[in-house]
Amino acid sequence: NRPAPARASARPAADPSVQNFETLPGYRELRLQRSAADLIGLGNPFFRVHETKAGANTRIAGKSFVNFSSYDYLGLNGHPDVNAAAARAIEEFGTSASASRIVAGERPGHISLEQALADHYDTEACVVMVSGHATNVTTLGALMEPGDVIFHDALSHNSIVTGAQLSGAQRRSFSHNDLDALETLLGATRHEHRRALIVVEGLYSMDGDAPDLAALIALKQRYDAWLMVDDAHGLGVLGRTGIGLAEHCDVDPRGVDIWMGTLSKTLSTCGGYIAGPSALIEYLKCTAGGFIYSVGLSPPLAAAAEAALALMHAEPHRVERLRQNGNLFLACAKKHGLDTGTSLGLAVIPVIVGDSLKSVTLSDRLYKRGINVQPIIHPAVPERASRLRFFITSEHTPEQIRETVDAVAEELHEIEKGGSLIEQLMA
Ligand code: PMP
């Protein structure tokens, strides 16, 4: 005689307006935005299917485009040496590391890539992980804990903020690139916490500007904090030979405690890495969940990234060409009076138009002229900072850059001539 099962009606009634994917926060706004764009005939600028390798040029829906949406900054994706290294690794090791490196063991390519990256930053050691995003999340999560404090730039990448949240440490952001604000925060609050970490990026991916590394090192010494630099966009871009932020600022890279980077940009594969003292790397390899409980980097990706790093070192003219292209874009944009914010004119150049609808419209008009560039709109940036963001590569030609900036200026002028887009739509 089993007890009768509890009657369904005895359970609290589920609230259908909550237990429904369509009521998730922001989803309704997303659909509304899309419907409004459809209504006025604007195509979706996101998730476009590229039918070929997407570097400086691409093909979408059978049509050729000049492409500004790829951070293959030095054009190494698909380079014959990079492809050959990946192909050799596939021949020998297959396509997967097949389990966490703790369990499935190392492949020679993990060790040699980590050594090459450690040499690059002149650090004792390095560890590579399967995703750049996960590298930041798991490193910050493993390194810091409640009672500690993380100071980070207000424009930090989502992976830095998420990692800081995961750590349980106190999180304090300072306004973008404002080291006086950072010093004020350090002075006011550093003493309340046990360990402190300052996190900045080498080249900021929305604004294309860089922090003053020498000043940051002085601050971290004065306030007894660690300094972590996410140089995801700096590698291959900053400094005469593309070493990154340290070379750009003419500072010894050993002044930084933790170098973070990704394999997905200049190194044209995917994955992330941390380079630093051996104790740090050993600690992460035994405690960072995103390393221990995740598969090892796939052997062909490790081999391809190592080949790309070697090419970057062997062919500094790629870095120089990228710099010339970025400088040309910036000079043309300034000539046209476009707002490029604080961009240094290297690999990342925004054209700030200050209105989401205007940004999407401008991107759509350029697309119709054979230029693929994405709008960055609220909530990724504040509404007044809505923009098109151009990723420049060493493989763009000067003509492509001049023609693109001319097209941006012309189309923006056309849009603005008509007055407010909202008023035009309501008319
Ligand atoms: N850090 C920064 C500064 C980034 O811009 C990104 C992504 N573009 C990441 C980390 C994450 O890297 P990945 O895309 O390789 O996962």
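Residues numbered from 1 in each chain as written. Predicted model: local features only at pLDDT ≥ 70, side-chain atom pairs only at ≥ 80, totals over all residues.

**Examining the overall build of the protein**
Okay, so step 1: Of the regular secondary structure elements, the protein holds 16 helices and 13 strands.
Okay, so step 2: For a compact globule of 427 residues, the expected C-alpha radius of gyration is about 22 Å, and the protein comes in at 24 Å, within 12% of that figure.
Okay, so step 3: By residue count, 47% of the 427 residues in the protein fall in the buried class.
Okay, so step 4: Long-range contacts, defined as pairs at least 24 residues apart, comprise 70% of the intrachain contacts of the protein with a sequence gap of at least 6. (Helix = DSSP H or I, 4+ residues; strand = E, 2+ residues; numbered from the N terminus. Rg over C-alpha atoms; globule rule 2.2 N^0.38 Å. Buried ≥ 20, exposed ≤ 12 C-beta atoms within 10 Å, placed from the backbone. Contact = placed C-beta atoms within 7 Å.)

**Regarding the domain arrangement of the protein**
How large an interface is tends to be reported as the accessible area lost when its parts come together.
Okay, so step 1: According to the domain assignment, the protein consists of domain 1 (36–67 + 316–426) and domain 2 (80–314).
Okay, so step 2: Here domain 1 and domain 2 have C-alpha centroids that lie 29 Å from each other.
Okay, so step 3: With 16 residues of domain 1 in contact, the opposing surface of domain 2 contributes 14 residues.
Okay, so step 4: Counting only elements with at least two residues in the side of domain 1 that touches domain 2, the list comes to helix 13 (316–335) and strand 10 (348–352).
Okay, so step 5: Taken together, the residues that form the side of domain 1 that touches domain 2 break down as 11 nonpolar, three polar and two charged. (Domains from an automatic or database assignment. Nonpolar A, V, L, I, M, F, W, Y, C, P; charged D, E, K, R; others polar.)

**Describing the site of the ligand**
Okay, so step 1: Taken together, the neighbourhood of the ligand is formed by 15 residues, with Gly132, His157, Ala232, Thr262 and Ser264 sitting nearest.
Okay, so step 2: Broken down by element, the residue count for the shell around the ligand peaks at three residues, all from helix 5 (residues 132–143).
Okay, so step 3: Residues that form the shell around the ligand fall into these classes: two nonpolar, 11 polar and two charged. (Near = placed C-beta within 6 Å.)

**A word on the UniProt feature "domain: Aminotransferase class I/classII large" (unreviewed entry) in the protein**
Okay, so step 1: The positions that UniProt labels "domain: Aminotransferase class I/classII large" (unreviewed entry) are, in the present scheme, residues 65–407.
Okay, so step 2: Helix makes up 44% of residues 65–407 and strand 16%, with an end-to-end C-alpha separation of 13 Å. (UniProt positions renumbered as here; feature names shortened; annotations may be inferred.)

**Topic: the pairing of strand 1 (residues 57–60)**
Okay, so step 1: Across four bridges, strand 1 lies against strand 2 (residues 63–67) in antiparallel orientation. When the sheet's bridge partners are listed, isoleucine 60 is paired in strand 2 with lysine 63.
Okay, so step 2: Joining the antiparallel neighbours strand 1 and strand 2 is a turn of two residues, in which alanine 61 adopts a positive phi near 50°. (Pairing = 2+ DSSP bridges.)

**Considering the sheet that holds strand 3 (residues 125–129)**
Okay, so step 1: The strand order across the open sheet formed by seven strands is 3-9-8-7-6-4-5, and the pairing between neighbours is mixed. Strands at the two margins of the open sheet, each flanked by one partner only, are strand 3 and strand 5 (170–174). The average angle at which neighbouring strand axes cross in this sheet is 20°, direction not considered.
Okay, so step 2: Relative to strand 9 (residues 272–276), strand 8 (residues 258–262) runs antiparallel, the two being bridged by four bridges. From the neighbouring strand, tryptophan 259 faces strand 9, where its bridge partner is alanine 275.
Okay, so step 3: Across the sheet, helix 5 lies against strand 3, strand 4 (149–153), strand 7 (226–230), strand 8 and strand 9, angled at about 45° from strand 9, the strand it touches most. (Axes fitted to C-alpha atoms, helices over the stretch in contact; angles between N-to-C directions.)

**Looking at the environment of aspartate 339**
Okay, so step 1: Positionally, aspartate 339 belongs in the loop between helix 13 and strand 10.
Okay, so step 2: Sequence separation between aspartate 339 and valine 351 is 12 residues, and the spatial gap between their C-alpha atoms is 5.5 Å.
Okay, so step 3: With sequence-adjacent residues up to four places away left out, aspartate 339 is seen in contact with Val351 and Ile352.

**A word on the environment of serine 298**
Okay, so step 1: Position of serine 298 among the secondary structure elements: in the loop between helix 11 (289–292) and helix 12 (299–314).
Okay, so step 2: Looking at serine 298, the number of C-beta atoms within 10 Å reads 24, which means it is buried.
Okay, so step 3: When the C-alpha atoms of serine 298 and alanine 99 are compared, they prove to be 9.9 Å apart, with 199 residues separating the residues in sequence.
Okay, so step 4: Residues contacting serine 298, with those up to four places away along its chain left out, are Thr95, Ser96 and Ala97.

**Focus: helix 6 (residues 158–167)**
Okay, so step 1: Taken residue by residue, helix 6 has Ser159, Ile160, Gly163, Ala164 and Ser167 as its buried positions. The buried residues of helix 6 occupy one face: seen down the axis, they fall within an arc of 135°.
Okay, so step 2: Contact partners of the buried residues in helix 6: helix 5, strand 4, strand 5, strand 6 (196–201) and strand 7.
Okay, so step 3: In the stretch just after helix 6, glycine 168 is the one whose phi turns positive, near 80°. (Arc of directions from axis to C-beta.)

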